[in-house]
Amino acid sequence: MTRARGADDDVQPDAHGLADTRIRFLTAEEPRPPEVRPPILASWRRSRSLKVAADRIELPYERDPDLDTPLSRSADQILHRLHEQMSGQPISIVLTDPTGLVLSRRTGDSGLERHLDGVLLAPGFNYAEQFVGTNGIGTALEAGSATQVFGHEHYAENLEDLACAGAPIHDPISGRLVGLVDLTCWRRDAETLLLTLAKNTADQIQHALLVHSEMREFAVLQAYRQTCRRTSGIVFAVSPDAVTMNDHARAELQPSDQAALLAQAVETGGTLPAGRRRSVEIQLPTGAPARMYCQQVDADSELAGLVVHVKIGKRASGSPGRSASPGRMLLPGLVGAAPSWQRACREVEAAATTGTWLALQGEPGVGKSALLRAVQLRRRLPGRHTVLDAEHARVDPTWTATLRQSLVGDAMVVIAHLDALDAGEVRSVTAALQEARRAPEADRPQVAVTVRPGADRVQLAPLLSYFPTSVPVPPLRLRLDDLATLVRFFLSKVGSPGQQLSCSPEAMRLLMRHSWPGNVQELQTLLHQVVQHRRSGSIEARDLPPGLHSTSRRVLSALESMERDAIVRSLADTNGNKVQAARSLGMSRATIYRKIHEFGIITPT
């Protein structure tokens, strides 16, 4: 048998002895260190804790994996050339995404290809360690470094005739894991340079990614310079890895205004059609209005960045036709002067400044994720900001793997709805956070979690121990002094360009009486719906949905809600005349008076 030695000095183990050791491990007998290489033994333990089947292979399948990515485009020619060089050899070249999803496979031997089909090592299947146990793809992704696995070192017995070497591929600019290249052959054909070849191939793909990234950066820089030559005033460019501002932007804008413009640019860039332009009006934190002229920049049919030209207007002071300022922003995109809200903003920003991991507690819709995003924009513009919803962990088999990849490098990672995790998922996330904690401080991510009231603190205790700072975010009903400011702020965002919207005193009274169980998110959604039929002028009470015209303290049935809505609409149509409303609904005056009282309907004045 050929002894295979890679860059990490791993030696192909004795097949028969290892097979016996693996069987003893699966029957709960812990092997001695010399019998199994330490990285393989650690992987076996992870596989066992994840309850991976050792006697069969059952993998999730994605029918149409996305191949139109920088990774696939950069790797295509390199892998094609390697495949031609290995023509006729029993070796397979596999490319995966960072979660272990197989994107492509090139095999030079028909017998090996049939075997790989049988073990589902094919495009669309996911070879993450959590699904198939110890293997060259999943174990390399878990370890974060090049790894080789021989024969019986595989956790699943179906893979014992194979040898494989996987090498992770990192983005050359951000250092983020973007994929993996794996070389798989028969165990008997394993060569000494299998791992070295995989690592060299990964290096070539990373170089191609660098060239591709430089093309994107050059396209953004060229568009930025052209805009600076054509126009005067404030110009800045935003790309995934950098922000460029001209002298006017640095001299004329306060830091809070810079942050607000960048936040709006990032939001606008996600909805801008390819190669198109759009103008956006916003109110800056310092009170001045600004018009942004945004242009999307493409490179090789891919979004490269955004170039923005900004014109600052004069601050409005009671000028006709203009709504009041939406309020001072403590953080980009956030308004409010309530002491409890300002205290939450200050505490989150203080924790983020010191790199402290923190937990945000609050009801759904209070703005926990928005607060974390605003702090990230204030601290490191634009920065990599990843939000992972724990509610998806049970339905997305790649969720934990995605979390592990996100916890690599200097970034902000937010785990939302932490209380949605079950006991097994809590253990997996705890292990991922433990690994992230062990990283050097320069490469350690900033991590935050959001937790809803009433969460099972006992079950979450292992996780929450990693978050020494806990910040409560107040519900909207406890900061109603901010309601008018929030209404003006959201209307300035959702209103049509050039059309000014305000809220009438009667409509504001209805808003103030509402309990807002959905908090700030409910308010924003409601105003967005109102703007669909009220484009300009003043929002009146009749523009608001029927539910806001009622102060009932109990949950109404579907039939009662329909009845309440009909009464509210009829009262609005008759300007609050109860007799006419009762007549139009075919009910007596006594009945409508009783229903108004029962449903807590607020009669229009």
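Before any of the text, the structure's been laid out above.
Rules used in this analysis
Position numbers for residues count from 1 along each chain, tracking the sequence in the order it is written. Local features in this predicted model are restricted to residues whose pLDDT is 70 or higher, and side-chain atom pairs enter the listing and the counts only when it is 80 or higher, whereas totals over whole chains, interfaces and linings include all residues. For side-chain calculations, the full set of non-hydrogen atoms in the structure is used, while hydrogens and water are omitted. The pairing criterion for strands is at least two bridges between them, as found by DSSP. Strands are runs of DSSP state E lasting at least 2 residues, helices are runs of H or I lasting at least 4, and numbering of each runs from the N terminus. Helix axes are fitted to C-alpha atoms over the stretch in contact, other axes to C-alpha atoms as well, and angles between N-to-C directions run from 0 to 180 degrees. The contact rule is simple, with two residues in contact once any of their heavy atoms fall within 4.5 Å. Here a pair means two rings of Phe, Tyr or Trp (six-membered ring of Trp) with centres within 6.5 Å. Their orientation is stacked below 30 degrees between planes, edge-to-face above 60, and tilted elsewhere. When accessible area is computed with a 1.4 Å probe and restricted to protein chains, residues below 20% of their type maximum are described as buried, those above 50% as exposed, and intermediate ones as partly exposed. Ring-over charges, as used throughout, are those where CZ of Arg or NZ of Lys falls within 6 Å of the ring centre and within 35 degrees of the ring normal. Here, nonpolar core refers to any group of buried Ala, Val, Leu, Ile, Met, Phe, Trp, Tyr and Cys residues whose side-chain atoms link them within 4.5 Å. Any N or O atom pair separated by 3.5 Å or less is treated as a polar contact, with the protein-specific requirement of one donor-capable and one acceptor-capable atom, and with residues adjacent in sequence counted only for side-chain atom pairs. Working rule for angles: under 35 degrees goes down as roughly parallel, over 145 as roughly antiparallel, 65 to 115 as roughly perpendicular, anything else as oblique. For this scheme, ten residues count as nonpolar: Ala, Val, Leu, Ile, Met, Phe, Trp, Tyr, Cys and Pro. Four count as charged, namely Asp, Glu, Lys and Arg, and the remainder, Gly too, count as polar.

1. Quick notes on the sheet that holds strand β9 (residues 289-299)
If you trace the 5 strands from one edge of the open sheet to the other, you get β7-β6-β10-β9-β8, paired in antiparallel fashion. Every other strand in the sheet has two partners, leaving β7 (243-245) and β8 (277-283) as the edge strands with one partner each. In this sheet, neighbouring strand axes are inclined to one another by 20° on average, regardless of whether the strands run parallel or antiparallel. Note that β8 and β9 share 7 bridges and pair antiparallel. Bridged to Q283 within β9 is P289. Across the sheet, helix α7 (residues 194-230) is in contact with β6 (234-238), β7, β8, β9 and β10 (302-312); its angle to β10 comes to roughly 20°.

2. Considerations on the packing of aromatic side chains
In this structure the tally under the stated criterion is 4 aromatic pairs. Seen in terms of ring centroids, Y61 and F125 are 4.7 Å apart; in terms of plane orientation they differ by 45°. Their pairing is tilted. With Y61 in the loop between α2 (38-49) and α3 (70-85) and F125 in the loop between α4 (110-118) and α5 (129-132), this residue pair connects regions lying 64 residues apart in the sequence. Consider the rings of F489 and F490, whose centres lie 5.6 Å apart with planes at 55°: the pair is tilted. Accessibility assignment for this pair places F489 and F490 in one class, buried. One cation-aromatic arrangement involves R437 over W357; the distance from NZ or CZ to the ring centre is 4.0 Å. The ring of W341 is capped by R479, whose NZ or CZ atom sits 4.3 Å from the centre of that ring.

3. Regarding the sheet that holds strand β15 (residues 412-416)
Backbone hydrogen bonds hold the strands of a sheet together, and the pairing may be parallel or antiparallel. As summarised here, the arrangement of the 5 strands in space is β14-β15-β16-β13-β17, forming an open sheet in which the pairing is parallel. Each edge of the sheet is formed by a strand with only one pairing partner; in this case those strands are β14 (385-389) and β17 (469-472). Going from strand to strand, the sheet's axes swing by 20° on average, the running direction of each strand aside. Bridge count for β15 against strand β16 (residues 446-451) is 4 bridges, and the pairing is parallel. Paired with I415 across the bridge in β16 is V449.

4. Brief notes about the nonpolar core
In terms of nonpolar packing, the biggest core is built from 27 residues, with W399, L403, L418 and L421 touching the most fellow members. Apart from residues no more than four positions distant in its own chain, L421 is found in contact with A390, A393, R394, W399, V426, V429, Q459 and L463.

5. Thoughts on unusual backbone geometry
If a residue is not glycine, its phi is most likely negative; likewise, a peptide bond is most likely trans. In the Ramachandran plot, W516 falls in the positive-phi region, its phi being about 50° despite a non-glycine side chain. Here W516 shows up in the loop between α16 (505-513) and α17 (519-531). Note on W516: relative accessible area 0%, which makes it buried. One non-glycine residue, N519, lies in positive phi territory at about 60°. Of note, N519 is situated in helix α17.

6. Some points on α4
At the N-terminal boundary of α4, the capping side chain belongs to D109, with an oxygen 3.2 Å from the backbone nitrogen of G111. A positive backbone phi angle near 65° is found at L120, which sits one or two residues after α4.

7. Some thoughts on the packing of helix α19 (residues 578-585) against helix α20 (residues 589-599)
Contact pair α19 / α20: the axes reach a minimum separation of 9 Å and the direction vectors enclose 105°. With respect to each other, α19 and α20 are oriented roughly perpendicular. The residues of α20 that touch α19, namely those facing K578, V579, A581, A582 and L585, are R589, I592, Y593 and I596. Of the residues that constitute the contact of α19 with α20, the class distribution is 7 nonpolar, no polar and 2 charged.

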